[in-house]
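A structural walkthrough
Chain residues, written in single-letter form:
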Amino acid sequence: DTAVSQTPKYLVTQMGNDKSIKCEQNLGHDTMYWYKQDSKKFLKIMFSYNNKELIINETVPNRFSPKSPDKAHLNLHINSLELGDSAVYFCASSHTATATNEKLFFGSGTQLSVL
Amino acid sequence: KQEVTQIPAALSVPEGENLVLNCSFTDSAIYNLQWFRQDPGKGLTSLLLIQSSQREQTSGRLNASLDKSSGRSTLYIAASQPGDSATYLCAVGGGADGLTFGKGTHLIIQP
């Protein structure tokens, strides 16, 4: 069983469209994250989310919004896609957000290409 | 603002050699430091996690050290194998703010 799974693996779309990426974890973790890996392979956190709190990286445009229907899912919605949004998006989870011994478990990524 | 630097950016060595990857960070107020491996087209796999109160962790042929006061960590790989070829990422932080990643070291082990 895949611990953290995200779909789709590849997403090609036109500028201006709205798209979503889904993420599910079956680890029973309380905290989920979205990371963006740009063309230079640099990984940056976008959001962290648990049952109670959403923390947003201040550099993330408000066209990006995470939505969590339940603890096991954190989907990423992107409105009005721009060329610069092209990147690989990774979902991740951890048991809690505050323990010092919490490993992060990553999904395999969604490669988004905006044309 | 936390910044993480990894040196070297790329490394190519013959199979069997021992090697060291370096990571430095600017803010010592961290929950932990983690080393990840990323294979092309795939996600990240956690290799080692060192809590802020610890000095090192070992897993098989891998050993990672942490010196918080100097803002440095090293990942030591013993007896390297072609299967070790990947990009190795260092990340610090943890907590609700998540991890801050370095840009990685692209490692190639020549058979």
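Scroll up for the structure.
A brief look at the structure comes next. (Residues numbered from 1 in each chain as written. Chains lettered and ligands numbered in written order. Predicted model: local features only at pLDDT ≥ 70, side-chain atom pairs only at ≥ 80, totals over all residues. Heavy atoms only, no water.)

**Side note on the environment of Cys23(A)**
Residue and element names in this part refer to chain A. The line we're drawing: Each helix corresponds to a stretch of at least 4 residues labelled H or I by DSSP, and each strand to a stretch of at least 2 residues labelled E; elements are numbered beginning at the N terminus. Using a 1.4 Å probe on the protein chains alone, a residue whose accessible area is under 20% of its type maximum counts as buried, one over 50% counts as exposed, and one in between counts as partly exposed. Whether two residues touch is decided by their heavy atoms; if any such pair falls within 4.5 Å, the residues are in contact.
With respect to the helices, strands and loops of the structure, Cys 23 is situated in strand β3 (residues 19–25). Given a relative accessible area of 1%, Cys 23 falls into the buried group. C-alpha separation for the pair Cys 23 and Asn 75, spaced 52 residues apart in sequence, amounts to 5.5 Å. Leave out the neighbours within four places in its chain, and Cys 23 touches Val 4, Ser 5, Gln 6, Met 32, Trp 34, Ala 72, His 73, Leu 74, Asn 75 and Cys 91.

**Side note on the pattern of salt bridges**
Rules: The term salt bridge refers to a side-chain nitrogen of Lys or Arg lying within 4 Å of a carboxyl oxygen of Asp or Glu.
Taken as a whole and assessed by the stated rule, the structure comprises five salt bridges over all chains. Where Glu82(A) meets Arg63(A), a salt bridge forms, and the shortest distance between an N and an O atom there is 3.5 Å. With Glu82(A) in the loop between β8 (75–78) and β9 (87–94) and Arg63(A) in the loop between β6 (54–56) and β7 (64–67), the pair connects residues that are 19 residues apart, well separated along the chain. Here Arg61(B) makes a salt bridge to Asp84(B), at a shortest N to O gap of 2.8 Å. Here Arg61(B) is found in the loop between β6 (56–59) and β7 (62–67), whereas its partner Asp84(B) is found in the loop between β8 (72–77) and β9 (86–93), with 23 residues between them in sequence. Judged by its relative accessible area of 7%, Asp84(B) is buried. Among the charged side chains, a salt-bridge network with shared partners connects Arg63(A), Glu82(A) and Asp85(A).

**Let's talk about the packing of aromatic side chains**
As a reminder, the rule being used: The rule is short: rings of Phe, Tyr and Trp, with Trp giving its six-membered ring, pair when the centres are within 6.5 Å, and they are stacked under 30 degrees, edge-to-face over 60, tilted in between. Lysine and arginine charges are scored as sitting over a ring when NZ or CZ, respectively, is within 6 Å of the ring centre and within 35 degrees of the ring normal.
If you walk through the whole model with that rule in mind, you get eight aromatic pairs over all chains. With centroids separated by 5.5 Å and ring planes inclined at 40°, the aromatic side chains of Phe36(B) and Phe101(B) adopt a geometry described as tilted. Linking Phe36(B) in strand β4 (residues 32–38) with Phe101(B) in strand β10 (residues 99–101), this pair joins segments that are 65 residues apart in sequence. Side by side, Phe36(B) and Phe101(B) carry an identical accessibility label, which is buried. One aromatic cluster is present, formed by Tyr33(A), Tyr35(A), Phe90(A), Phe106(A), Phe36(B) and Phe101(B) through successive ring pairs. Just above the ring of Phe42(A) sits the side chain of Lys103(B); from NZ or CZ to the centre is 5.4 Å.

**Here we look at the sheet that holds β7(A)**
Residues and elements named next belong to chain A. Inclusion rule: By this definition, two strands are paired if DSSP reports at least two bridges between them. Axis definition: a line fitted to C-alpha atoms, limited for helices to the stretch in contact. Angles are taken between N-to-C directions and run from 0 to 180 degrees.
The strand order β1-β3-β8-β7 describes an open sheet built from four strands, whose pairing is antiparallel. Looking at the sheet topology across the chains shown, the edges are occupied by β1 (4–7) and β7. Pairwise comparison of adjacent strand axes, ignoring direction, gives a mean angle of 20° for this sheet. Pairing between β3 and β8: three bridges, direction antiparallel. Of the residues in β8, the one forming a bridge with Ser 20 is His 77.

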